[in-house]
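Each chain, written out:
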There are 2 protein chains.
Amino acid sequence: MGVMERVASRRKKAVAPVETGAATIPVDSLLRGDCIAQMAALPDACIDMIFADPPYNLQLGGDLFRPEGGRVDAVDNDWDKFDTLGAYDRFTKAWLTQARRILKPNGTIWVIGSYHNIFRVGAALQDEGFWILNDIIWRKANPMPNFKGTRFTNAHETLIWASQGEDARYTFNYKAMKTLNDELQMRSDWVLPICGGQERLKRNGTKAHPTQKPEALLYRVLLACTKPGDVVLDPFFGTGTTGAVAKRLGRRWIGIEREESYIEVALERIADALPLDESALTIMQSAKSQPKVAFGTLVETGYCQPGTVLTDLKRRWQAVVRADGSLAVGTDSGSIHKMGATLQGAPSCNGWTFWHLDAGEGLKPIDTLRQTYLLANEP
Amino acid sequence: MGVMERVASRRKKAVAPVETGAATIPVDSLLRGDCIAQMAALPDACIDMIFADPPYNLQLGGDLFRPEGGRVDAVDNDWDKFDTLGAYDRFTKAWLTQARRILKPNGTIWVIGSYHNIFRVGAALQDEGFWILNDIIWRKANPMPNFKGTRFTNAHETLIWASQGEDARYTFNYKAMKTLNDELQMRSDWVLPICGGQERLKRNGTKAHPTQKPEALLYRVLLACTKPGDVVLDPFFGTGTTGAVAKRLGRRWIGIEREESYIEVALERIADALPLDESALTIMQSAKSQPKVAFGTLVETGYCQPGTVLTDLKRRWQAVVRADGSLAVGTDSGSIHKMGATLQGAPSCNGWTFWHLDAGEGLKPIDTLRQTYLLANEP
DNA sequence: AGGACTACTGAATCTGTAG
DNA sequence: CCTACAGATTCAGTAGTCC
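These numbers were taken from a predicted model, which means no experiment stands behind them.

Draft legend 1. Examining helix 7 (residues 241-248) of chain A more closely. Residue and element names in this part refer to chain A. With six of its eight residues buried, helix 7 lies for the most part within the structure. When helix 7 is considered as a whole, its buried residues turn out to be Thr241, Thr242, Gly243, Ala244, Val245 and Ala246. In this fold, the buried residues of helix 7 make contact with strand 2 (47-52), helix 6 (215-225), strand 9 (231-234), strand 10 (252-257) and helix 8 (260-272). One or two positions beyond helix 7, positive phi appears at Gly250, with a value near 75 degrees.

Draft legend 2. Here's a closer look at the protein's contact with DNA strand D. Surrounding DNA strand D, one finds 27 residues, the nearest of these being Gln198 of chain A together with Tyr174, Lys178, His337 and Arg370 of chain B. Close to the protein, within 4 Å, the atoms of DNA strand D belong to sugar or phosphate groups at a rate of 61%. Within the contact set of DNA strand D, a base oxygen lies 3.4 Å away from a backbone nitrogen or oxygen of Phe147 of chain A. Residue composition of the surface near DNA strand D, grouped by class: eleven nonpolar, ten polar and six charged.

Draft legend 3. Structural context of the pattern of salt bridges. By the definition in use, this model includes 38 salt bridges over all chains. Where Arg32 of chain A meets Glu260 of chain A, a salt bridge forms, and the shortest distance between an N and an O atom there is 3.1 Å. With Arg32 of chain A in strand 1 (residues 29-32) and Glu260 of chain A in helix 8, this pair connects stretches of sequence that are 228 residues apart. Of the residues examined, Arg32 of chain A reaches a relative accessible area of 46% and is grouped as partly exposed. Residue classification places Glu260 of chain A among the partly exposed residues on the basis of a relative accessible area of 38%. We note a salt bridge from Glu128 of chain B to Lys93 of chain B, for which the minimum N-O separation is 2.9 Å. Of this pair, Glu128 of chain B sits in helix 4 (residues 118-128) while Lys93 of chain B sits in helix 3 (residues 79-102); the two residues are 35 residues apart in sequence, bridging distant segments of the chain. A relative accessible area of 13% places Glu128 of chain B in the buried class. The structure contains a network of salt bridges with shared partners spanning Arg139, Arg187 and Asp189 of chain A together with Arg139, Arg187 and Asp189 of chain B.

Draft legend 4. Highlighting the domain arrangement of chain A. The domain boundaries assigned to chain A delineate domain 1 (29-280) and domain 2 (295-377). Its C-alpha centre places domain 1 of chain A at a distance of 44 Å from the equivalent point of domain 2 of chain A.

Draft legend 5. Geometry of the protein's contact with DNA strand C. All names here are of chain A. The environment of DNA strand C is formed by 40 residues, the closest being Arg66, Tyr115, Lys148, Arg200 and Lys207. Near the protein, meaning within 4 Å, the atoms of DNA strand C are sugar or phosphate in a fraction of 44%, with bases accounting for the rest. In this structure, a base nitrogen belonging to DNA strand C sits 3.4 Å away from a main-chain N or O atom of Pro145. The contact in question runs from a phosphate oxygen of DNA strand C to an N or O atom on the side chain of Asn154, over 3.1 Å. By residue class, the composition of the surface near DNA strand C is 19 nonpolar, eight polar and 13 charged.

Draft legend 6. Structural view of the sheet that holds strand 16 (residues 363-365) of chain A. Residues and elements named next belong to chain A. Taken in spatial order, the six strands make up an open sheet running 14-13-12-11-15-16, and their pairing is antiparallel. Sheet topology places strand 14 (332-334) and strand 16 at the edges, where each strand pairs with a single neighbour. Each adjacent strand pair in this sheet contributes to an overall mean axis angle of 40 degrees, direction not counted. Its contacts with the sheet put helix 11 (residues 336-344) on strand 13 (327-329), strand 14 and strand 15 (355-358), and the angle it makes with strand 14 is roughly 135 degrees.

Draft legend 7. Quick peek at the pairing of strand 15 (residues 355-358) of chain B. Residue and element names in this part refer to chain B. The pairing of strand 11 (residues 309-312) with strand 15 spans three bridges and is antiparallel. Considered in strand 15, the bridge of Thr311 is made with His356. Where strand 15 and strand 16 (residues 363-365) come together, three bridges link them in antiparallel fashion. Paired with His356 across the two strands is Pro365, which belongs to strand 16. Linking two consecutive strands that pair antiparallel, namely strand 15 and strand 16, is a turn of four residues; a positive phi of about 80 degrees is found at Gly360 within it.

Draft legend 8. Quick look at the pairing of strand 4 (residues 131-140) of chain A. All names here are of chain A. Of all ten residues in strand 4, ten are buried, a share of seventy percent or more. Bridge analysis of strand 4 against strand 5 (residues 156-163) gives eight bridges, and the strand direction is antiparallel. Residue pairing across strands places Asp135 opposite Ile160, the latter belonging to strand 5. Two elements, strand 4 and strand 6 (residues 189-192), share four bridges in a ladder whose sense is parallel. Pairing of Arg139 across the sheet is with Val191, part of strand 6.

Draft legend 9. Quick peek at the confidence of the model for chain A. On average, residues of chain A score 90 in pLDDT, and 89% of them reach the 70 mark or higher. A low-confidence stretch, residues 1-19 of chain A (pLDDT under 50), is modelled with 48 contacts involving residues beyond four sequence positions or located in other chains.

Draft legend 10. Examining the state of the cysteines more closely. If you walk through the whole model with that rule in mind, you get zero disulfides over all chains. Looking at the unpaired Cys46 of chain A, the closest cysteine sulfur is the one in Cys35 of chain A, lying at 14 Å. A residue is classified by how much of its surface remains accessible, and Cys46 of chain A, at 6% relative accessible area, is buried. Here Cys349 of chain B stays free of any disulfide, with the sulfur of Cys304 of chain B as its closest cysteine sulfur at 16 Å. On the basis of relative accessible area, Cys349 of chain B is assigned to the buried category, the value being 16%.

Draft legend 11. Summary view of the packing of helix 6 of chain A against helix 7 of chain A. Residue and element names in this part refer to chain A. Axis separation between helix 6 and helix 7 bottoms out at 9 Å; the angle between their running directions is 55 degrees. Here helix 6 lies oblique to helix 7, going by the angle between them. The element helix 6 and its partner helix 7 pack so that their crossing is right-handed. For the pair helix 6 and helix 7, contact is made by Glu215, Leu218, Tyr219 and Leu222 and by Thr241, Thr242, Ala244, Val245, Ala246 and Arg248, respectively. A per-class count over the contact of helix 6 with helix 7 returns six nonpolar, two polar and two charged.

Draft legend 12. Structural view of the interface of chain A and chain B. Of the residues lining the interface, 96 residues belong to chain A; the matching set on chain B comes to 88 residues. Between chain A and chain B lies a buried interface of about 7,800 Å² when both sides are counted; carbon and sulfur atoms form 53% of it. Considering only the surface of chain A that becomes buried against chain B, Phe119, Phe152 and Glu300 of chain A emerge as the three largest contributors, covering 12% of it. The interface formed by chain A and chain B holds six salt bridges in total. Among the salt bridges present, the one from Asp127 of chain B reaches Arg120 of chain A, with a minimum N-O distance of 2.6 Å. In this structure, the connection of chain A to chain B is made through 39 residue pairs in polar contact (both at pLDDT 80 or more). Per-element tally for the side of chain A that touches chain B: the top contributor is strand 4 of chain A, with nine residues.

Cut-offs applied
- Starting from 1, residues in each chain are numbered consecutively following that chain's sequence as written.
- Think of it this way: whatever chain is written first is A, whatever ligand is written first is 1, and the rest follow in order.
- A pLDDT threshold of at least 70 governs which residues receive local features in this predicted model, and a stricter bar of 80 or more applies before side-chain atom pairs are shown or counted, although totals over entire chains, interfaces and linings include all residues.
- The side-chain figures draw on all heavy atoms in the structure; neither hydrogens nor water molecules are used.
- Only protein chains enter the accessibility calculation, which uses a 1.4 Å probe. A residue is then buried if its area is under 20% of the maximum for its type, exposed if over 50%, and partly exposed in between.
- Starting at the N terminus, helices and strands are each numbered in turn, a helix being any DSSP run of H or I of at least four residues and a strand any DSSP run of E of at least two.
- The contact criterion used throughout is that any non-hydrogen atoms of two residues lie within 4.5 Å.
- Think of it this way: one heavy atom of a residue within 4 Å of a molecule or strand is enough to make that residue near it.
- A 3.5 Å cut-off defines polar contacts: any pair of N or O atoms within that distance qualifies, except that in protein one atom must be a possible hydrogen donor and the other a possible acceptor, and neighbouring residues in sequence count only when both atoms are side-chain atoms.
- Charged means Asp, Glu, Lys or Arg here, nonpolar means Ala, Val, Leu, Ile, Met, Phe, Trp, Tyr, Cys or Pro, and polar covers whatever is left, Gly included.
- Salt bridges are defined by distance alone: a side-chain nitrogen of Lys or Arg within 4 Å of a carboxyl oxygen of Asp or Glu.
- The domain boundaries here were taken from an automatic or database domain assignment.
- Here, any two strands with at least 2 DSSP bridges between them count as paired.
- To get an axis, a line is fitted to the C-alpha atoms, and for a helix only the part in contact is used. The angle between two axes follows their N-to-C directions and goes from 0 to 180 degrees.
- pLDDT gives the predictor's per-residue confidence on a scale running from 0 to 100.
- Throughout, disulfides are identified as pairs of cysteine sulfur atoms within 2.5 Å of each other.
- When an angle is under 35 degrees it counts as roughly parallel; over 145 it counts as roughly antiparallel; between 65 and 115 it counts as roughly perpendicular; any other value is oblique.
- Left-handed describes a crossing whose near helix is turned anticlockwise from the far helix through less than a right angle; right-handed describes the clockwise counterpart.
- Two parts placed together each lose some accessible area; with a 1.4 Å probe, that loss summed over both constitutes the buried area.

See below:
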């Protein structure tokens, strides 16, 4: 039991806005202008859910070129520029304060970000009194690689889901999530593709917004944590993914956006949005990747010790497993597949079936190790 | 705003400790007591990597960090929350300050946590001047379900990897990670099982430590970001997973722990850990770390005759090798890299892979000449 | 129609050394 | 501090063209 639980349990009164009842608010509409000013104009406790995709404050350096020569089309918009971390924190506190005020006592807030900003946003949420319910990892099926080989591929973004306080009740459609996930509890990591193809909105042939979010992501968020008819506010509306999905799911929406070019695209898009049919929904959500296991994982997890000697079925060659999952044969080394191919003079090779362990009573392919691993570690 | 302001301004001096050279520090050993006091006793810039799994339950460290006199007078019933979050932040800042001081300028720090504390830790890292390189998601293959069905199954933990500053160099064994992941770049989401079965340390039949980390996790961290012989410090040592894996991988370790019951288990465990021999420890090296060969050397030594005609893969251009190792294309000339870049209109080009020899049965990159040369002339 | 091949793209804190 | 330059570096997916 962590400190935050202990502390909040002493605080019995939830520090949350008061329900105002039927205040008149502009639903299914877009408010033009600065999100803090526009939120300030809304009454207390009128929103069921807030979904926010604030600027990430990326702090990119110069141009980045791909290995084949192309230039990466980076986010260089003014709205993502902040002079200091302190300035970003003040901005975050300002919009979170308003968000907390207009959110109903039993409403929840979702915020999405990357490592550039999400830690500051998460700390600010806690400082404001929000109670974190989950952090959710959007694992991108097809992220941009790290072209220079300097870091791990940045293959995910983080969402935080929080209520007004520890004792607040909130909407969580447990059964719907379980159904969506083939009768298994929905986990905190979601595998979804990035937004591209037909879904990606274009203007004059180029992307209308640099960071358009996939509808599948919003679909899951809204389906999990709102009821039909709920009012969903997105203070950083962009091209209106939140509005489009809300409309499709029978939720009401309010968007706030200040860039006229995004507004045009968003309104047109939402006007065209139709309720999704079941098959489209199923496809959208079933980005299940089959479990792939790298040979290196077996080394890391102790299923195959570094130093183990492998051989091919005819015992023509021997290889030693190294700490990084590579195989050493004489002075040459490489992955199980590469070394198998090299030794045979073949263009490719399935290392899983080529390499064998000497198990005393005979050789067995290393694929059996993978099967053992999968048996022990499949959900 | 102090540090935060300075760090946010790009390309400025990294606020980092000074290298002290050969300071005497106690390696491969466990220091008993409070981690802040023990780190304070270590010299500046003596550690290559810090791996930290800090508590988020202040029961472990709270006594030292109760608010001193003259503390913030918080308002109404928020005082306890503010007070306790503040105490956790002071604790975090205190140990991070020491960590930053004892870490070498080109060392890196890893911290693991969950949504209860990771946002505060991440923000504190940035406030101290650390530069986040990646956030990593440990995706648990077999997490504890959410029994009450009130939230998403909490199926991951977050790690942050950071350097001393934006311009700091750091160790990242890119090629080894790529090999470990079946020839694909290692991503920021790591699928690994939780610690259980034989690996889970028991004492009197119950688990010896509530949050023992799997060795596979530390294995990947240490393999990715340290070199053999590096000194790895773990200020929240627990049952010594970091020490056991460091010993296995030929890294030196320092652990700090104050609970006697964990210390006993840790020392016994590390004593039992078997170090891998040097051949198994060898990992795949990036081309970056291979000895450089100038193209001119290949011309001088006869591996490529002056007058040889080179072409790109699509045979769009032809170039003639000159005696000084430069290439002539029409009236223009320059290095293999410069000419490749010029012809493509690209900012840069790797001439070794751009230019090809016509070898009768097909084109082969001139990089194969370099490989041949290296094989024949390496010690 | 369909397969092979090419071109392009996505929230990216993306080089290192010598002079 | 700067500039110059050698040279290392990419995954999954969509769309279009050609045969």
